[in-house]
Amino acid sequence: MLVMKDKINFRDPDQTLEFIKNSFADSPKRLEHILQVAECVHSSANELGLNAPLAYCAALLHDVGYLEELKVTGFHPIDGANFLSREGYPEIAALIVCHSNSPEQAHIKKLPEISISEDPIAKLITYWDVQTKQGGELVSYDQRLEDIVARYGEESDVTRAHRMAEPRIRKIIKEFSSSLDKAAKHSTTASNT
Ligand SMILES: [Fe+2]
């Protein structure tokens, strides 16, 4: 349930976290997923020297379009992004609208085209979203794909979109696995000197 007692500053991590916890209190598995993705995005953004508070807020909001009250198209990345644009946060809207396979899914569903962002924060959200199950468990992308096929069936739009997006998402995973590895090695070396 959408909980907005006052105007919320969606660039403020504490306010955004409270809003998400309250709004998704009725969907504990989804809430755990969101919180886990946001934690991982936040720590990776820190490691990579990106704007970590912005990355954290955007990750907390990536699935906001699932809230019943925000449903217009029924496609959560677009409904969530439209909500954030209306609230005055177009930069966060642009970071979340293209998360995971939403550009491919929008194409399959014949919804307005979603352009793919090259912003590293947008890619980080995808990186962690596709490796975090409902309930917050961290899994490999391959496991997540298997899970989706089992849940939705091979012929579903969701599975077709995942298959279509697979090469692009594998590239993101490769890119960020190696840059996060390098960042971790760099920080170990720095702390040893
Ligand atoms: Fe998600």
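**A word on the overall build of the protein chain**
- The secondary structure content of the protein chain amounts to 9 helices and 0 strands.
- Reading the protein chain from its N end, one meets helices and strands in the order α-α-α-α-α-α-α-α-α.
- For the protein chain, whose C-alpha radius of gyration is 16 Å, the value lies close to the compact-globule estimate of 16 Å for 193 residues.
- Oriented by its inertia axes, the alpha-carbon framework of the protein chain measures out at about 55 × 45 × 30 Å.

**What about unusual backbone geometry?**
- Not every positive phi belongs to a glycine, and Ser100 is a case in point at roughly 55 degrees.
- The exposure class of Ser100 is buried, given the 22 C-beta atoms found within 10 Å.

**Some thoughts on helix α8 (residues 141–152)**
- End to end, α8 covers 16 Å across 12 residues, agreeing with the expected 16 Å (1.5 Å per residue, within 8%).
- One or two residues past the end of α8 sits Gly153, with phi positive at roughly 90 degrees.

**Considering helix α2 (residues 28–47)**
- Compared with an ideal rise of 1.5 Å per residue, which puts 20 residues at 28 Å, α2 spans 29 Å between its outermost C-alpha atoms and is within 8% of the ideal.
- Of the positions making up α2, those classed as buried are Leu31, His33, Ile34, Gln36, Val37, Ala38, Cys40, Val41, His42, Ser44 and Ala45.
- One or two positions beyond α2, positive phi appears at Gly49, with a value near 70 degrees.

**Re the environment of Leu48**
- Mapped onto the elements, Leu48 comes out in the loop between α2 and α3 (52–60).
- Between the C-alpha atoms of Leu48 and Asp147, which are 99 residues apart in sequence, the distance is 30 Å.
- Each residue touching Leu48, except ones within four places of it in the same chain, is listed here: Pro120, Ser179 and Ala183.

**Notes on the nonpolar core**
- Val41, Ala58, Ala59, Leu61, Ile92, Ile96 and Ile125 are the most contacted members of the largest nonpolar core, which totals 43 residues.
- When residues of this core are assigned to their parent elements, the largest contribution, 7 residues, is made by α2.
- Among residues more than four places away in sequence, those in contact with Leu61 are Phe10, Thr16, Gly80, Leu84, Ile92 and Ile96.

**What to know about the packing of helix α4 (residues 76–86) against helix α5 (residues 90–97)**
- Running from amino to carboxyl end, α4 crosses α5 at an angle of 170 degrees, the nearest separation of the two axes being 8 Å. Looking at the two axes, α4 sits roughly antiparallel to α5. Facing Pro77, Ile78, Gly80, Ala81, Leu84 and Ser85 of α4, the residues of α5 in contact are Pro90, Ile92, Ala93, Ile96 and Val97.

**Digging into the environment of Val37**
- Tracing the sequence through the fold places Val37 in helix α2.
- Taking the C-alpha atoms as reference points, Val37 and Ala59, separated by 22 residues in sequence, lie 6.5 Å from one another.
- With sequence-adjacent residues up to four places away left out, Val37 is seen in contact with Ala59, His62, Trp128, Asp129 and Thr132.

**What about the confidence of the model for the protein chain?**
- Mean pLDDT over the protein chain: 93, with 96% of residues reaching 70 or higher.
- The secondary-structure element of the protein chain with the lowest mean pLDDT is helix α9 (residues 157–192), recorded at 86, while α3 shows the highest, at 98.

**Some thoughts on the packing of α2 against α3**
- Close contact between α2 and α3 brings their axes to 8 Å; oriented N to C, the two are set at 160 degrees. With respect to α3, the element α2 is oriented roughly antiparallel. α3 is crossed by α2, and the crossing has right-handed handedness. Mapping the contact onto sequence places Ile34, Val37, Ala38, Val41, His42, Ala45 and Asn46 in α2 and Ala52, Ala55, Tyr56, Ala59 and Leu60 in α3.
- Per-class residue counts for the contact of α2 with α3 are 10 nonpolar, 2 polar and no charged.

Definitions and cut-offs
- Residues numbered from 1 in each chain as written.
- Predicted model: local features only at pLDDT ≥ 70, side-chain atom pairs only at ≥ 80, totals over all residues.
- Helix = DSSP H or I, 4+ residues; strand = E, 2+ residues; numbered from the N terminus.
- Rg over C-alpha atoms; globule rule 2.2 N^0.38 Å.
- Buried ≥ 20, exposed ≤ 12 C-beta atoms within 10 Å, placed from the backbone.
- Expected span 1.5 Å × (residues − 1).
- Contact = placed C-beta atoms within 7 Å.
- Core = buried A, V, L, I, M, F, W, Y, C linked by C-beta atoms within 7 Å.
- Axes fitted to C-alpha atoms, helices over the stretch in contact; angles between N-to-C directions.
- Parallel < 35°, antiparallel > 145°, perpendicular 65-115°, else oblique.
- pLDDT = per-residue confidence, 0-100.
- Left-handed = near helix turned anticlockwise from the far one by under 90°.
- Nonpolar A, V, L, I, M, F, W, Y, C, P; charged D, E, K, R; others polar.

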